[in-house]
Amino acid sequence: MDKQSYTCVLVSDFNLQNFAGYAAHDAEFPHLEPIAAQLGQPVPTLLDTAAPHWQKKADLAVIWTQPHSVVSAFNALLKYEQVPVRDVLQEVDAYCALLANVSGCVRYAFVPSWVLPSYRSVFGVLDMKTEIGLTNTLMRMNLRLAENLEKISNIHVLNTHKWIERAGINAFNPKLWYLGKIPFSNEVFKEAAQDVKAALCGMLGYARKLIIIDLDDTIWGGVVGDVGWENLVLGGHHHRGEAYVDFQHALKSMKNRGILLAVVSKNEEQAALEAINQHPEMVLTLEDFTGWRINWQDKAENIIELMTELNLGPRSAVFIDDNPAERARVKESLPEVLVPDWPEDPLFYPATLLSLRCFELPSLSREDLNRTAMYLSENQRRDLKKSVSSLEEWLRHLAIRVEVEKLHPANLQRATQLLNKTNQMNLSTRRMSEAELMAWAEQKHRWLWTLRVSDRFGDAGLTGIVSLEIRDRKAQIVDFILSCRVLGRKIEETMLSMAIYHAQALGVEEVYARYVPTSKNKPCFDFFRSVAPRFHQQGECFIRDIEHPFPLPDHIELVQ
Amino acid sequence: MAMNDKITQMLFNVLDELNQLRPREEHLKKDLGTPLAGGSGRLDSAGLINLIVLTEQKTAQELGSPILLTDDRTMSQINEVFRTLGSLADYIHLLLNEKRHG
């Protein structure tokens, strides 16, 4: 992961110093550099976009307030004065407008939802009644906050209640409040800092995409090779059996959110597959797994093979195994694979999986939801490849169609996601928010196209981006991004052909691509160095005059 | 374990938590001579507040007896009580003894 520090403006009506301490000094990636705005002045801070802390366009802002300090009508409700909910919600709308005011001053902003101290339980029976119940009103305020801010792509509401629950009975500490204007205990701030970091990781494209699981004593109880699938502990009226079923449900729910599942297990393949296919209580089916390695080889080697097959890097994977020795082995040989400590007791498996903070996504695209199906069609492509005699024949059989579109609001979300999470075939590895990307592409001297790739086996979705910037009759290919899902099918050449065709039409004399190296994008450098027809290489710059067009690969149908 | 040792261990646990909020180079050493507040102290006001609240919590949790470090008696001698980790340990010992003997 990168070693960069990310600046984080803190805006609050209370003392956020403890949050800042955890955010800055926790060793976990990403490293945050907090910048405190004026304490206790959230509204003036949000109004004054000329203030120094907004001027340098910080990477993120955490804007954390107490409901009564920014919504005066709620303050009146706290004193049990009669205030229509309508008035309260109008003030929430006004507060959201203030937040929108600073959305252009930061790349990402996180707004923790509002909470009331849990010790405030007087008049509990009235708490959930409309108009007079404090909790009822606060829930409406939070919903309004979330609905309003959903329209602003770089502002995200975070769930404070989760932090409060995790911190337990001491989440609110009146002593900290009266001594230091700190409303929450350190446990709350610790949880908040971890969630903010996890969310930022997701924004930066570092979310994990694949869960690799073991079988015996991990997704079912018992060793299938010893006891047979009929005697595995799974489901039924058995506390551990129920927990294994719930764990499988949790895995399936992750799959439904676009996380890939795969198996690496030391077993006889036939016995293991039979268990998956035959056991009546299995929740997961073979179709839920994008791949598996079930054999007696070293698990780390199996994981490398599997990742290569799926065209994913080790930083995309999480490995779950009940056996501490196997976990230690994988941790040691593949330090970039996340290997969470795993509880001994299977009753805690579902909760442990669901509390991992490594799958954060800023948005959910059609491509995310269909990811498993896309990888399964990839298996069909591989089978076809084995049955034909040459690469050209395989490509012809695939009947690839590339649909090109300019950037527009409907494809902006997915394009931004692709820009922020593609690492290998990525020329400049720029990371931008939706608003930044759109603003960049809207400039008159810039062009940005997205590519959707499909073939006879399925639609890979929006998987490519290419952009041009024209200056002094020279066209720079700024972004050259292709998802690893469609690498090696000459989509790369199609992107070059398209970019050079447009550059020609715009009357430029030269096209060049400046490679910005990262620890992961060497495949892009290798492509530009070896592509035919050749580019002239000057260090990390690849140049081509455009007298001759760059040919479109024969087997590609290009739709513009 | 003697009461003195229990108090020292409890205060070391408090330092572990406080250090999570501080840069590595400013971590407070687990040593009874470590200066806390006052002239040569290492804690700013927020650090001192955290120390007070964490010490109260951990004394109750780990030594089974709640103490109060924000009363007038303590506040009137704040620089002496919180001068070093050792002076704080002595003060906690005094409070616990007073409690035990009514």
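About the criteria used
Residues numbered from 1 in each chain as written. Chains lettered and ligands numbered in written order. Predicted model: local features only at pLDDT ≥ 70, side-chain atom pairs only at ≥ 80, totals over all residues. Helix = DSSP H or I, 4+ residues; strand = E, 2+ residues; numbered from the N terminus. Rg over C-alpha atoms; globule rule 2.2 N^0.38 Å. Buried ≥ 20, exposed ≤ 12 C-beta atoms within 10 Å, placed from the backbone. Contact = placed C-beta atoms within 7 Å. Nonpolar A, V, L, I, M, F, W, Y, C, P; charged D, E, K, R; others polar. Pairing = 2+ DSSP bridges. Axes fitted to C-alpha atoms, helices over the stretch in contact; angles between N-to-C directions. Left-handed = near helix turned anticlockwise from the far one by under 90°. Right-handed = clockwise from strand over helix to strand, strands pointing away. Domains from an automatic or database assignment. Expected span 1.5 Å × (residues − 1).

Student: Can you break down the overall build of chain A residue by residue, with the values?
Tutor: When helices and strands are counted, chain A shows 23 helices and 18 strands. The C-alpha atoms of chain A give a radius of gyration of 27 Å, which matches the 24 Å a tight globule of 560 residues would have. With the principal axes as the frame, chain A shows a C-alpha extent of 80 × 70 × 40 Å. Classification of the 560 residues of chain A by burial places 42% in the buried group. Counting contacts in chain A only where the partners sit at least 6 residues apart, residues at least 24 apart contribute 71% of the total.

Student: I'd like a rundown of the interface of chain A and chain B, residues and numbers included.
Tutor: Residue-level contacts link 12 residues of chain A with 10 residues of chain B. Looking at the side of chain A that touches chain B, the elements with two or more residues in it are α1 (17-25) and α9 (174-180) of chain A. With 5 residues, α1 of chain A is the single largest residue contributor to the side of chain A that touches chain B. When the residues that make up the side of chain A that touches chain B are grouped by side-chain class, the tally is 3 nonpolar, 8 polar and 1 charged.

Student: Summarise the sheet that holds strand β2 (residues 31-36) of chain A; cite the residues concerned and give the values.
Tutor: Residue and element names in this part refer to chain A. Reading across the sheet, the 5 strands line up as β2-β1-β3-β4-β5 and stay open at both edges, with parallel pairing between neighbours. Edge positions in the open sheet fall to β2 and β5 (155-158), since each of these has one partner strand only. Here the average twist between neighbouring strands, direction ignored, is 25°. Note that strand β1 (residues 5-12) and strand β3 (residues 58-64) share 5 bridges and pair parallel. Bridge pairing in β3 places Cys-8 opposite Leu-60. Relative to the sheet, helix α6 (residues 85-102) contacts β3, β4 (106-112) and β5, its axis offset from that of β4 by approximately 155°.

Student: Describe the packing of α6 of chain A against helix α7 (residues 134-149) of chain A, with residues and values.
Tutor: Residues and elements named next belong to chain A. Relative orientation of the contacting elements α6 and α7 amounts to 35°, with a least axis distance of 9 Å. For the pair α6 and α7, the crossing hand works out as right-handed. On α7, the residues that touch Val-85, Val-88, Leu-89, Val-92, Asp-93, Cys-96 and Leu-99 of α6 are Thr-137, Arg-140, Met-141, Arg-144, Leu-145, Asn-148 and Leu-149. When grouped by side-chain class, the residues that make up the contact of α6 with α7 number 9 nonpolar, 2 polar and 3 charged.

Student: Let's hear about the environment of His-239 of chain A: which residues, and what values?
Tutor: With respect to the helices and strands, His-239 of chain A occurs in helix α12 (residues 239-256). For the pair formed by His-239 of chain A and Ser-454 of chain A, sequence separation is 215 residues and the distance between their alpha carbons is 46 Å.

Student: Any chance you could break down the sheet that holds strand β6 (residues 210-213) of chain A for me, citing the residues and the numbers?
Tutor: All names here are of chain A. Taken together, the 4 strands give an open sheet; going across it, the order is β8-β7-β6-β9, and neighbouring strands pair in parallel fashion. Unpaired on one side and paired on the other, β8 (289-295) and β9 (317-320) mark the two borders of the sheet. Across this sheet, the average inter-strand angle for adjacent strands is 15°, counted without regard to direction. Two strands pair when backbone bridges link them, and β6 and β9 are joined in this way by 4 bridges, in the parallel orientation. Bridged to Ile-213 within β9 is Ile-320.

Student: Would you mind going over the pairing of strand β14 (residues 474-482) of chain A in detail, with residue names and values included?
Tutor: All names here are of chain A. For β14, a buried count of 7 out of 9 residues is recorded, marking the element as mostly surrounded by other parts of the structure. Across 2 bridges, strand β11 (residues 425-426) lies against β14 in antiparallel orientation. Each bridged residue has a counterpart across the sheet, and for Asn-426 the counterpart in β14 is Ile-481. For strand β13 (residues 458-471) and β14, the ladder comprises 7 bridges, and the chain directions are antiparallel. Bridging from a neighbouring strand, Glu-469 pairs with Gln-476 of β14. What sits between β13 and β14 in their antiparallel hairpin is a turn of 2 residues, with Asp-472 showing a positive phi close to 50°. Note that β14 and strand β15 (residues 510-514) share 4 bridges and pair parallel. From the neighbouring strand, Gln-476 faces β15, where its bridge partner is Tyr-512. The parallel pair β14 and β15 is bridged by helix α22 (residues 491-505), and the resulting crossover is right-handed.

Student: So what about the domain arrangement of chain A? Which residues, and what values?
Tutor: It is common to give the size of an interface as the accessible area lost on bringing the parts into contact. All names here are of chain A. Domain boundaries in chain A define domain 1 (5-203), domain 2 (210-354) and domain 3 (366-559). Each of domain 2 and domain 3 was reduced to a C-alpha centroid, and the two centroids are 35 Å apart. In this assembly, 10 residues from domain 2 lie in contact with 11 residues from domain 3. Grouping the amino acids of the side of domain 2 that touches domain 3 by side-chain chemistry returns 3 nonpolar, 4 polar and 3 charged.

Student: Talk me through helix α10 (residues 186-203) of chain A; I want residue IDs and the actual numbers.
Tutor: The end-to-end C-alpha distance of α10 of chain A, which contains 18 residues, comes to 26 Å, matching closely the 26 Å that a straight helix rising 1.5 Å per residue would cover. In terms of burial, α10 of chain A is largely enclosed, as 15 of its 18 residues are buried.

Student: Describe the pairing of β1 of chain A, naming the residues involved and giving the relevant values.
Tutor: Two faces, one strand: in a regular strand the side chains alternate between the faces of the sheet. All names here are of chain A. A large share of β1 lies buried, amounting to 6 of its 8 residues. Bridge count between β1 and β2: 6 bridges; the pairing is parallel. The partner of Cys-8 across the bridge, within β2, is Pro-34. Regarding topology, α1 serves as the crossover connection from β1 to the parallel β2, and that connection is right-handed.

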